[in-house]
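Summary of structural features
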Amino acid sequence: MEDLLIEETEETPTVHLQVGGELSLSGHSYPEDALEFYAPILSWLDKYRNRPADRTITTFNISYFNSASTMPLLKILTTLEVMHKAGNEVQVIWLHAVGDALMADKAEELSSLVELPFEIRGE
């Protein structure tokens, strides 16, 4: 299994998934076809969860995401939740701009849907 790197575009985030256990998504997420964009990410995670690193830290630094991105982002979180419930060490860090109440609220909403160590912080 190899790392996955997807470069940021105007509509999609930078995605860097490393087999060593560091996963990150940063930027905007409003692709024309969210399911198509997130398909390789979800596929990579499905393979990774079968042989994860000792510790997986996933950092979201999404400054904006549209409603079409919500379900794929939740699917990422539920995959991490499956890993966590299987006894793997998993942590989610969700960063948002200080004062960005909308992104903080969206992060809170997503975190309430999964059982994971989930840290939300403004930076």
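Structure report, in brief. (Residues numbered from 1 in each chain as written. Predicted model: local features only at pLDDT ≥ 70, side-chain atom pairs only at ≥ 80, totals over all residues. Heavy atoms only, no water.)

1. A short note on the nonpolar core
Short version of the rule: The nonpolar core is taken to be a set of buried Ala, Val, Leu, Ile, Met, Phe, Trp, Tyr and Cys residues, with the residues joined through side-chain atoms within 4.5 Å. Only protein chains enter the accessibility calculation, which uses a 1.4 Å probe; a residue whose area is less than 20% of its type maximum is buried, one above 50% is exposed, and one in between is partly exposed. Note on conventions: DSSP H or I runs of at least 4 residues are helices, E runs of at least 2 residues are strands, and numbering of each starts at the N terminus. Note on contacts: a residue pair is in contact if any heavy atoms of the two residues lie within 4.5 Å.
Membership of the largest hydrophobic core comes to 33 residues, with the highest contact counts inside it found for Tyr38, Ile41, Phe60, Ile76, Leu77, Leu80 and Trp94. When residues of this core are traced back to their parent elements, those giving at least two are strand E1 (4–6), strand E2 (14–17), strand E3 (22–29), helix H1 (34–48), strand E4 (55–65), helix H2 (67–85), strand E5 (89–96) and helix H3 (101–111). Ranked by residue count, the leading element in this core is H1, at 8 residues. Setting aside chain neighbours within four positions, we find leucine 77 in contact with Phe60, Val92, Leu110, Val114, Leu116 and Phe118.

2. Some words on the sheet that holds strand E6 (residues 118–122)
Strand-to-strand pairing in sheets goes through backbone hydrogen bonds, with the strands running parallel or antiparallel. What counts, and what does not: Two strands form a pair only when DSSP identifies at least two bridges running between them. What counts as an axis is a line fitted to C-alpha atoms, over the stretch in contact for a helix, and the angles between N-to-C directions run from 0 to 180 degrees.
Spatial ordering of the open sheet is given by E1-E2-E3-E4-E5-E6, a layout of 6 strands whose pairing is mixed. Each of the sheet's edge strands pairs with one partner strand only, and the pair in question is E1 and E6. Sheet twist, expressed as the mean angle between neighbouring strand axes with direction ignored, is 10 degrees. As defined by bridge partners, E5 adjoins E6 across 5 bridges and the pair is classed as parallel. By the bridge assignment for E6, leucine 95 is matched with arginine 121. Strands E1, E2, E3 and E4 of the sheet are contacted by H1, whose axis makes an angle of about 165 degrees with E1. Against the sheet, H2 contacts E3, E4, E5 and E6, and its axis sits at roughly 170 degrees relative to E4.

3. As for the pairing of E3
This is how it is decided: Call a crossover right-handed when, viewed with both strands pointing away from you, the route from the first strand across the helix to the second goes clockwise.
In this structure, E2 lies alongside E3, joined through 4 bridges in antiparallel fashion. The residue bridging threonine 14 from the neighbouring strand is serine 26, located in E3. Pairing of E3 with E4 involves 8 bridges; the strand directions are parallel. Looking at E4, one finds that serine 26 is bridged to asparagine 61. Since E3 and E4 lie parallel, the crossover through H1 that links them has a hand, and here it is right-handed.

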